[in-house]
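Residues per chain, in single letters:
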Amino acid sequence: MPIATPEVYAEMLDKAKGGEFAYPAINVTSSETLNAALRGFAEAESDGIIQFSTGGSEFASGTKVKDMVTGATALAEFAHVVAAKYPVNIALHTDHCPKDKLDGFVRPLLEISQERVNRGENPLFQSHMWDGSAIDLDENLEIAGELLAKAAAAKIILEVEIGVVGGEEDGVSNEINEKLYTAEGDFVKTVDTLGAGDKGRYLLAATFGNVHGSYKPGAVQLRPDVLKRGQAVAAEKLGLPEGSKPFELVFHGGSGSLLEEIHEAVSYGVIKMNVDTDTQYAFSRPIADHFFKNYDGVLKIDGEVGNKKAYDPRSYLKVAEAAMADRVVEATQALKSTGQTLR
């Protein structure tokens, strides 16, 4: 199927919210990892989200070019062509973008999509993330309001983060402390500034102990009840019935989380969960295995010529693609609720 239109993406999110399940959002940095994510969603018979970070986009442009917009655009255009061969809907998203990279990443990408929409085409991306967690909340939400208006005009959904995700991703490190838990007042301020969909649809990455990086199960101390209380205070502010879930939430930093914690978070309104560390490892492990097992064939040792079948990148990348695809399938299945499917 073609990359999801704005209407199809909205339907995907509506289904997740109504059915209490979440889509895995798989970070990719190359055509190889993008193919692996597409394959995984197809094998899981699931719609899904593929996303590019600032660093991943820069890498995709080539280590000589190192331009985030060029890399993100190239990956997105590639996805538009290749995804059409798969029987699932795929949405394209850009991950964490801090304030100092807005002018070199999200704002130019919004302009590209706006130009496409002005020509009667669909936007290049379906959603973008603004990460203002490192600045004052008032400034964070002020910028979010500006970006939300531009995103809505370009038929794009904005993702906003309030609170801080700990650990390290894309060279940005955050301490593990109380800032990892979004305060109830921050949820209320978000509604006050961004509304509840009337100013444009947005996803909210609220934090409840999330940590980027690789951790053993149980090492990350999540408090999903933070999300439950955030939904409650927002519903009260909006005059909605008790039990309403006005926010469409995003789960960042899920590596090392227990399955029951993930399911609890989903029950409180999480409809998108980012997956990066686990799939990076899944992709890298078979490559390392291939090189260890084919050491003499990969390297030209003592004047020998090696074995072309061993050092041809296709010989190990196809195995890495399959392994990463399997991890995408596992992540997709983990985010299903009992009796629900993701299509």
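Residues numbered from 1 in each chain as written. Predicted model: local features only at pLDDT ≥ 70, side-chain atom pairs only at ≥ 80, totals over all residues. Heavy atoms only, no water.

Caption draft 1: The arrangement of the side chain of serine 133 in detail. Looking at where serine 133 falls in the secondary structure, it is placed in the loop between β4 (127-130) and α6 (137-153). Here aspartate 131 takes part through its side chain, which lies 2.6 Å from a polar atom of the side chain of serine 133. (Helix = DSSP H or I, 4+ residues; strand = E, 2+ residues; numbered from the N terminus. Polar contact = N/O pair within 3.5 Å; in protein donor to acceptor, adjacent residues only side chain to side chain.)

Caption draft 2: Representation of unusual backbone geometry in the model. At glutamate 45, a residue that is not glycine, the phi angle is positive and equals roughly 55°. By secondary structure assignment, the location of glutamate 45 is in the loop between α2 (31-43) and β2 (48-52).

Caption draft 3: Main features of the nonpolar core. Core analysis: the biggest nonpolar cluster contains 76 residues, and Ile50, Phe52 and Leu92 have the highest contact counts within it. The residues touching leucine 92, leaving out its near neighbours within four places in the chain, are Ile3, Ile50, Phe52, Ala76, Ala79, His80, Leu124, Phe125, Gln126 and Ser127. Within the second largest apolar cluster, 15 residues are counted, among which are Ala4, Ile157, Leu203 and Ile271. (Core = buried A, V, L, I, M, F, W, Y, C linked by side-chain atoms within 4.5 Å. Buried < 20%, exposed > 50% of the residue type's maximum accessible area, 1.4 Å probe, protein only. Contact = heavy atoms within 4.5 Å.)

Caption draft 4: The arrangement of the pairing of β2 in detail. With five of five residues buried, β2 is to be regarded as a mostly interior element. With burial as the criterion, each face of β2 is covered, one bearing Gly48, Ile50 and Phe52 and the other bearing Ile49 and Gln51. Examined bridge by bridge, strand β1 (residues 23-27) and β2 share three bridges and lie parallel to one another. Residue pairing in the sheet places asparagine 27 in a bridge with glutamine 51 of β2. Between the parallel elements β1 and β2, the chain passes through α2 in a crossover that is right-handed. Looking at chain direction, β2 and strand β3 (residues 90-94) are connected through five bridges and run parallel. Bridged to glutamine 51 within β3 is histidine 93. (Pairing = 2+ DSSP bridges. Right-handed = clockwise from strand over helix to strand, strands pointing away.)

Caption draft 5: Structural detail: the pairing of β4. In β4, alternate side chains face the same way, and those of Ser127 and Met129 on one face and His128 and Trp130 on the other are all buried. Relative to β4, β3 is paired through two bridges, and the arrangement is parallel. Following the sheet pairing, threonine 94 is matched in β4 by histidine 128. After leaving β3, the chain enters helix α5 (residues 106-118) and then returns to the sheet as β4, a path that is right-handed.

Caption draft 6: Geometry of the confidence of the model for the protein. Averaged over the protein, the pLDDT score is 90; the fraction of residues at 70 or greater is 90%. Below pLDDT 50 for its whole length, residues 172-177 participates in 11 contacts with residues either more than four positions away or in separate chains. Predicted confidence for residues 338-343 stays below pLDDT 50, and this span has 18 contacts to residues more than four positions away or in other chains. (pLDDT = per-residue confidence, 0-100.)

Caption draft 7: Structural view of the side chain of asparagine 140. Summarising the element assignment, asparagine 140 is placed in helix α6. Leave out the neighbours within four places in its chain, and asparagine 140 touches Trp130, Gly132, Ser133, Ile135, Val160, Glu161 and Ile162.

Caption draft 8: Structural view of the pattern of salt bridges. Considering all chains together, one arrives at 20 salt bridges under this definition. Linking arginine 327 and aspartate 278 is a salt bridge whose minimum nitrogen-to-oxygen distance equals 3.0 Å. Of this pair, arginine 327 sits in helix α13 (residues 313-334) while aspartate 278 sits in helix α10 (residues 277-293), placing them 49 residues apart in sequence. The partner of arginine 314 in a salt bridge is aspartate 312, with the nearest N and O atoms 2.8 Å apart. The exposure class of arginine 314 is exposed, given its relative accessible area of 62%. (Salt bridge = Lys/Arg side-chain N within 4 Å of Asp/Glu carboxyl O.)

Caption draft 9: Geometry of the packing of α6 against helix α7 (residues 184-194). Where α6 contacts α7, the two axes come as close as 10 Å, and the packing angle between them is 35°. Note that α6 runs across α7; the crossing there is right-handed. Across the interface between the two elements, Leu137, Asp138, Leu141, Ala144, Gly145 and Leu148 of α6 pack against Asp186, Lys189, Thr190, Thr193 and Leu194 of α7. (Axes fitted to C-alpha atoms, helices over the stretch in contact; angles between N-to-C directions. Left-handed = near helix turned anticlockwise from the far one by under 90°.)

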